[in-house]
Protein chains: 2
Amino acid sequence: MRQAILEKNDRLAERNRGFFRARGLLVLNVLSAPGSGKTTFLRETVRSLGPQLRAGIVVGDLATDNDARKLRESGAPVAQITTGTVCHLEAEMVARAVKELDLNGLRLLIIENVGNLVCPASYDLGEDLRIVLFSVTEGEDKPLKYPPMFQAADVVIISKADLAQACGHDREAALANLRRIAPKARVFETSAKTGEGMDAWCEYLRQEARHPRDW
Amino acid sequence: MRQAILEKNDRLAERNRGFFRARGLLVLNVLSAPGSGKTTFLRETVRSLGPQLRAGIVVGDLATDNDARKLRESGAPVAQITTGTVCHLEAEMVARAVKELDLNGLRLLIIENVGNLVCPASYDLGEDLRIVLFSVTEGEDKPLKYPPMFQAADVVIISKADLAQACGHDREAALANLRRIAPKARVFETSAKTGEGMDAWCEYLRQEARHPRDW
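Residues numbered from 1 in each chain as written. Chains lettered and ligands numbered in written order. Predicted model: local features only at pLDDT ≥ 70, side-chain atom pairs only at ≥ 80, totals over all residues. Heavy atoms only, no water.

**Quick word on the overall build of chain A**
Here is the rule we go by: Segments assigned H or I by DSSP are reported as helices when at least four residues long, segments assigned E as strands when at least two residues long, and all are numbered from the N terminus. Computation of the radius of gyration draws on C-alpha atoms alone. For the globule rule, the value is 2.2 Å times the number of residues to the power 0.38. Summary of the burial criterion: residues with accessible area below 20% of their type's maximum are buried, those above 50% are exposed, and those between are partly exposed, where the area comes from a 1.4 Å probe applied to protein chains only. All accessible-area figures derive from a Shrake-Rupley calculation using a 1.4 Å probe, and residue coverage is judged against the displayed protein chains alone. For the charge count, each Lys or Arg is scored as positive and each Asp or Glu as negative, with His and the chain ends excluded. Charged side chains are reduced to one point each, which is NZ for Lys, CZ for Arg, CG for Asp and CD for Glu.
Within chain A, the regular secondary structure consists of nine helices and seven strands. Relative to the globule expectation of 17 Å for 215 residues, the C-alpha radius of gyration of chain A, 16 Å, shows essentially globular dimensions. Each principal axis of the C-alpha distribution contributes one length, and for chain A these read about 45 × 45 × 35 Å. Across the 215 residues in chain A, those meeting the buried criterion constitute 60%. Put simply, chain A shows about 9,100 Å² of open surface, and 47% of that area lies on carbon and sulfur atoms. The averaged location of the 29 negative side-chain charges in chain A is 2 Å from the averaged location of its 30 positive side-chain charges.

Structure below.
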């Protein structure tokens, strides 16, 4: 049963992927635990990228449109998916939400997934890059404890770096754990509050958006 | 299909509940997002309770025995459940794990669930009390964004209170959100690091353990 659901999702994800490529969009699937700072990080990312790399956003939540409202402060068009009790986004939900966005002029599509370090790892949405946030407040061992999520990451964003000292965060241990579980992932250490690391991350996105993806 | 799984789980959870009552155990199902500080909080809880209210622990994780090792520092017997890719504990897993524990002399059984604010809310384990941790680092709106988890909470532990100032935590907003979603839940504001609030929480457990549960 679960296998059949995942296989159906994988097919619809490939359909999304074809659609996104035809529209020339770079697509990010952004994942993390609840409260790791995804929404603020994405709002600041879109603000920094500006009109050079115009972004649209799809955001998933069990309840409330708090995140959608916060993301709209960036000026980007935002479509909301309310999942109710569903713990992850699926390709079909994304396809429906994207229809609400005017894609003309957009070069980047950001999908903010439900805050959950387990289930969303199994669902391809048709993205080009999986971005996993990992806050310094969560403890250094999260990559070891949630391996499927981190193994599937193309990029890991260490977030809330401004709180590292207050939390007694062991940076070397966190980086060593990441290297062990996700040796190929690009890592950016950031604070959306102070702006630390945001330039390097945005420059990375600009470069990725310049290169067309292989079919 | 999902309905059938949940119904089977509910039956096995009642069997657990009967077993636990026959053994005179007060049973806690402890839930939260990844990185909210469950393990440290529980280690300090067991240390504070001491031999007056002897505890055993069942701990669930996708991978690693990091939490089990940390919990053993409290002196309590600990049984580990490794769930692989399963995002929650089920009643049957708990029944199997409990067989590994010597229950003689125990008055409290603590089940530390997988770090996930969504899926574990649907699975009764046969507990007496659901305890949900909510760290000040996660943002004040988590009860609104993950309502099923907070609606099912008997107790909400606000954790990492020592970091409130560094995070710019808005205490009144967090408490107002909790009252709205979980008006009947008992709330304790704690820091396992400084000890703040731990006495009140442990005294609550002692009182709960004194009162036999209704059948």
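**Overview of the interface of chain A and chain B**
The line we're drawing: Here, residues are in contact when the closest pair of their heavy atoms is within 4.5 Å. We define buried area as the total accessible area lost by two parts upon association, computed with a 1.4 Å probe and summed across both. A pair is scored as a salt bridge if a Lys or Arg side-chain nitrogen falls within 4 Å of a carboxyl oxygen belonging to Asp or Glu. By the criterion applied in these results, polar contacts are pairs of N or O atoms within 3.5 Å in which, for protein atoms, one can donate a hydrogen and the other can accept it, and in which residues neighboring in sequence qualify only through two side-chain atoms. Under this grouping Gly is polar, as are all residues other than the nonpolar Ala, Val, Leu, Ile, Met, Phe, Trp, Tyr, Cys and Pro and the charged Asp, Glu, Lys and Arg.
Chain A puts 32 residues into the contact, and the matching count from chain B is 32 residues. Surface buried jointly by chain A and chain B totals about 2,600 Å² across both partners, of which 62% is contributed by carbon and sulfur atoms. The interface formed by chain A and chain B contains four salt bridges. Close ionic contact of B:Asp67 with A:Lys145 constitutes a salt bridge, the shortest N to O distance being 2.6 Å. The interface formed by chain A and chain B holds eight residue pairs in polar contact (both at pLDDT 80 or more) in total. When residues of the side of chain A that touches chain B are traced back to their parent elements, those giving at least two are helix H3 (66-72), helix H5 (142-145), helix H6 (147-151) and helix H7 (164-167) of chain A. Considering every element that reaches the side of chain A that touches chain B, the biggest residue donor is H5(A), with three residues. Classifying every residue of the side of chain A that touches chain B gives 17 nonpolar, seven polar and eight charged.

**Digging into the side chain of B:Arg130**
Residues and elements named next belong to chain B. For Arg130, the location among the structural elements is in strand S5 (residues 129-135). One polar contact links the side chain of Arg130 to the main-chain carbonyl oxygen of Ala121, over a distance of 2.9 Å. Sequence-distant contacts of Arg130, defined by excluding residues within four places in its chain, comprise Asn29, Leu31, Pro120, Ala121, Tyr123, Asp124, Ala152, Ala153, Asp154 and Val155.

**Side note on the layout of surface pockets**
To be explicit about the condition: In this analysis, the protein atoms alone were mapped onto a 1 Å grid. Cavities are point sets where a 1.4 Å probe fits without being able to get out; pockets are open sets with protein on both sides within 12 Å along at least five of seven lines; lining residues have an atom within 4 Å of a point. Grid points are joined across faces, edges and corners, and a volume is the space filled by probe spheres set on the points.
Here the largest pocket is characterised by a volume of approximately 1,000 Å³. Lining of the largest pocket is provided by 31 residues; of these, A:Arg2, A:Tyr123, B:Arg2, B:Cys87 and B:Tyr123 occupy positions nearest its centre. Elements represented by at least two residues in the lining of the largest pocket include exactly helix H1 (2-22) of chain A together with helix H1 (2-22) of chain B. Residue composition of the lining of the largest pocket, grouped by class: 21 nonpolar, six polar and four charged.

**A short note on the pairing of strand S5 (residues 129-135) of chain A**
All names here are of chain A. Worth spelling out the cut-off: A pair of strands is treated as paired once DSSP finds two or more bridges between them.
Judged by how many residues are buried, S5 sits mostly within the fold: seven of seven residues are covered. The two faces of S5 match: Leu129, Ile131, Leu133 and Ser135 on one face and Arg130, Val132 and Phe134 on the other face are all buried. Sheet topology note: the strand S1 (residues 26-31)/S5 ladder contains four bridges and is parallel. Each bridged residue has a counterpart across the sheet, and for Leu31 the counterpart in S5 is Val132. The pairing of S5 with strand S6 (residues 155-159) spans five bridges and is classified as parallel. Residue pairing in the sheet places Phe134 in a bridge with Ile158 of S6.

**Some details on the relation of the copies chain A and chain B**
Quick reminder of the rule: The fit set for superposing copies consists of C-alpha atoms from residues with pLDDT of at least 70 in both; the fit itself is least squares.
Here chain A sits on chain B after a turn of 180° about the axis and a move of 0.0 Å along it, with an RMSD of 0.0 Å. Here the transformation between the copies is reduced to the relation of a two-fold axis. The share of interface residues of chain A whose copies in chain B are also at the interface is 100%, consistent with both copies meeting through the same surface.

**Comments concerning the nonpolar core**
Put simply, the rule is: Only buried residues count toward a nonpolar core. Its members are Ala, Val, Leu, Ile, Met, Phe, Trp, Tyr and Cys residues joined through side-chain atoms within 4.5 Å.
One finds A:Phe150 and B:Phe150 to be the most contacted residues of the largest nonpolar core, which totals 54 residues. When residues of this core are traced back to their parent elements, those giving at least two are S5, H6, S6 and helix H8 (171-181) of chain A together with S5, helix H6 (147-151), strand S6 (155-159) and helix H8 (171-181) of chain B. Setting aside residues up to four positions removed in sequence, B:Phe150 forms contacts with B:Leu117, B:Val132, B:Phe134, B:Lys142, B:Pro143, B:Val156, B:Leu178, B:Ile181 and B:Ala182.

**Brief notes about the sheet that holds strand S4 (residues 108-112) of chain A**
All names here are of chain A. This is how the line gets drawn: To define axes, lines are fitted to C-alpha atoms, for helices over the stretch in contact only, and angles between the resulting N-to-C directions are given on a 0 to 180 degree scale.
Spatially, seven strands are ordered S3-S2-S4-S1-S5-S6-S7 in an open sheet, and the strand pairing comes out parallel. What marks the edges here is a single partner per strand, and that holds for strand S3 (78-82) and strand S7 (186-189). Along the sheet, successive strands turn relative to each other by an average axial angle of 20°, direction set aside. Packing of helix H2 (residues 38-49) onto the sheet brings it into contact with S1, strand S2 (55-61), S4, S5 and S6, and relative to S4 it is tilted by some 170°.

**Digging into the packing of aromatic side chains**
Residues and elements named next belong to chain B. How we decide: Ring pairs shown here join Phe, Tyr and Trp side chains whose ring centres sit within 6.5 Å, with only the six-membered ring taken for Trp; geometry is labelled stacked below 30 degrees between planes, edge-to-face above 60, and tilted in between.
Considering all chains together, one arrives at twelve aromatic pairs over all chains under this definition. Ring centres 5.5 Å apart and planes at 35° place the aromatic pair Phe41 and Trp201 in the tilted group. Of this pair, Phe41 sits in helix H2 (residues 38-49) while Trp201 sits in helix H9 (residues 198-210); the two residues are 160 residues apart in sequence, bridging distant segments of the chain. Overall, the relative accessible area of 2% leaves Phe41 in the buried class. Ring geometry for Phe188 versus Trp201: centroids 5.8 Å apart, planes at 65°, classification edge-to-face. In this pair, Phe188 is assigned in strand S7 (residues 186-189) and Trp201 in helix H9, connecting sequence segments 13 residues apart. A single burial state applies to Phe188 and to Trp201, both of which are buried.

Remember that the coordinates give geometry; whether it matters functionally is a separate question.
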